[in-house]
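# Structural description and commentary
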Amino acid sequence: MTTTRPSGRQFPADFLWGSATASYQIEGAVDVDGRGPSIWDTFSRTPGKVLGGDTGDVAADHYHRVEQDVALMAELGLEAYRFSLAWPRIQPTGSGEFNEAGLAFYSDLVDRLIAAGIKPVVTLYHWDLPQPLEDAGGWANRETALRFEEYARKVAEVLGDRVHLWTTLNEPWCSAFLGYASGVHAPGVTDDEKALRAVHHLNLAHGLAARAIKDVLGEDTPISITLNLHVTRAASDDPADVEAKRRIDTIANEVFLRPVVDGEYPKEVFADTESITDWSFVLDGDLDLIKVPLALLGVNYYSTGRVRYGTPPVGDGKPGPDGHRSSVHSPWVGATHSEWLPQPGPHTAMGWNIEPEGLVELLVELHERYPNLPLAVTENGAAFYDTVDEDGRVHDVERVAYLHDHIDAVGEAIDKGVDVVGYFVWSFLDNFEWAYGYDRRFGVVRVDYDTLERTVKDSGRWYAELVRTRTIPTIESAATL
C-alpha cells in the first residue's frame, strides 16, 4: 500500500490517544439483566432492514466479556476509551424506574477502565432509543428530549466525577435524517417533517442533558457533542452547483453546529424547508437552552463528497455516492436538487473514498470559525474485508495505511495551529455495522463471530506502537510488530 504522507511525525505529550465503540454494536445481551428493547432491536428484526438479517442480539458479547476487553485495551496502551451507554439498559422504557443492574454494569466498566489507567469518555446516546419512547413519537416528539434530560441526570449521579468527558449525542444527523427521512436506520421512518422535528429535539436534548450533568457535577464538568460534519465540495464553480453544495452544508452541518455553538439556526434552513414545516416546534427559549459551553467538539470523519445541481437517482438500497445506504427517500431534506457524484478511489469496503486531506480541511475550517473551541477526532477508521492468515494474524495493511495517513493529517492540522487534543480510532472491536450487519469490519481487534475470540490485527499492533512512542510508525512495520 503506497502513501504520499511520510512516517515519523511526532505528537505532543499531552495528546490523548483512544478508541471508540457503541453499545448496540458490541454489547449483545439484549434481554439480559432487565434491559428493555431499543429501536435497533425492532429495526434489525424487521425483514429486509439489515443486510443478512443480522441483529445486535449477541454482537461482540462485550456485556459478558468486559474484563477481557478492558485488558485488551490496556495491552494496546489506550489512554482513553469512548463508549456509549445503552439507554434501555439503564432505563428500560425510557421513563420511570431505572434499572440498577444496567447502572451497575457501566459503573463497573468505568471502575475497570480507571484501574487500567484508561480515561472513560462517556457518550449518552449512540442511537439505541428505548422502543416505548419511539412508540410515543420518538425524536419527533418533544417529550423525548425531556426524558433524555432525566436519564442524563441519573447517569451523572451514578457515574459522577469518574468520567473524563461527557458526550451527549453521537452524530445526531444520522439519528434525524437516516432514522426519520430516508429510513435506512432505526426507527425506519420516512417523513421529512418528522426528521426536522427530530433535528430540533435532538439539539434540545443535548442542551438539557448538558445542563443536567452540570447541575449534578458542577459547572466545570467537561461537556462535548460529536458531529459527523460532512466535507462536501461543489462539482464546479457554476452558481447552481455552488447552491447545491450550500444546501447540503446547511442540512448536513449547520442545523447542528449553529444551534449548539452559536445558539441559532441558520436562516437559510427555514427557506430551504418552508414547503415542509414552519418550524413552529422551536419554542421561545429553546435556543438558549441548547447553547451550552463545550469543553471540546467531537469530530467524526471518514470521507468526502461532491455534489452538483441535478435530480438524484432513485435509491436501490446499495451504498450511495453520499456515503450512506440509499433509499427511495432522500435524507437530504430541503436539498432535493443536490445530486451526489461518485468520488474517485481508492475506496473502503463501505464504498467511501479515502481522502485524508479532507480531514485537514475540516479541522482547519472549524478552528478558523471557532478558534477557542478545542477539537478531538472522536471517530476515524476504515472497513475492509479482513482475513486471518495462516500465521494466525490479520495483516490488514489497507487499514494501517488509512490510519497512517489520517493520523498524519491530524498532525498537519496541528502544525497549522488547530487545537486538536485527541484521536479515537474507530473501532476498538469488529462489530454490528448498523444496516450492514456483520459484513463490514472496522475493528483494530478482530472478532470471530462464531467463537467470539478476539485477535489483535496488525492495525491494532501498529496503533499500540503509535501510542507508546507518540510517533507515527511506518506502514511496513505493522507486519512485524
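Residues numbered from 1 in each chain as written. Predicted model: local features only at pLDDT ≥ 70, side-chain atom pairs only at ≥ 80, totals over all residues. Heavy atoms only, no water.

Selection criterion: UniProt positions are given in the numbering used here, feature names are shortened, and annotations may be inferred rather than shown by experiment.
As annotated in an unreviewed UniProt entry, the protein chain is Beta-glucosidase from Cellulomonas uda. As stated in UniProt under Sequence similarities (unreviewed entry), the record for the protein chain gives "Belongs to the glycosyl hydrolase 1 family."

### Re the UniProt feature "binding site: substrate" (unreviewed entry) in the protein chain
Using the following cut-off: Throughout this description, buried means an accessible area under 20% of the type-specific maximum (1.4 Å probe, protein chains only), exposed means over 50%, and partly exposed covers the range between. Contact between two residues is taken to exist if any of their heavy atoms lie within 4.5 Å; hydrogens are not considered. The definition of a polar contact used here is a pair of N or O atoms within 3.5 Å, where within protein one atom must be able to donate a hydrogen and the other to accept one, and adjacent residues in sequence count solely through side-chain atom pairs. Numbering of helices and strands starts at the N terminus; helices are DSSP runs of H or I of at least 4 residues and strands are runs of E of at least 2.
Per the UniProt annotation, the sites labelled "binding site: substrate" (unreviewed entry) are Gln25, His126, Asn170, Tyr302, Trp426, Glu433 and Trp434. In this structure Tyr302 comes out as buried when scored by relative accessible area, which is 13%. Sequence-distant contacts of Tyr302, that is, excluding residues within four places in its chain, are made with Trp352, Asn353, Glu379, Asn380, Gly381, Tyr402, His406, Trp426 and Phe442. A polar atom in the side chain of Tyr302 sits 2.5 Å from the side chain of Glu379. With respect to the secondary-structure elements, Trp434 resides in the loop between β11 (420–426) and β12 (445–447). Non-local contacts of Trp434, meaning those with residues more than four positions away in its chain, are made with Ala22, Tyr24, Gln25, Trp40, Val50, His126, Trp127 and His185.

### Overview of the packing of aromatic side chains
Here is the rule we go by: Only Phe, Tyr and Trp rings are paired, with Trp represented by its six-membered ring, and only when their centres lie within 6.5 Å; those with planes under 30 degrees apart are stacked, over 60 edge-to-face, the remainder tilted.
Counted according to the given criterion, the structure contains 37 aromatic pairs. For the pair Tyr24 and Phe432, a centre-to-centre distance of 5.4 Å together with 90° between the ring planes defines the contact as edge-to-face. Highlighted residues: Tyr24 in helix α1 (residues 23–26) and Phe432 in the loop between β11 and β12, separated in sequence by 408 residues. Classification of Phe432 as buried rests on a relative accessible area of 0%.

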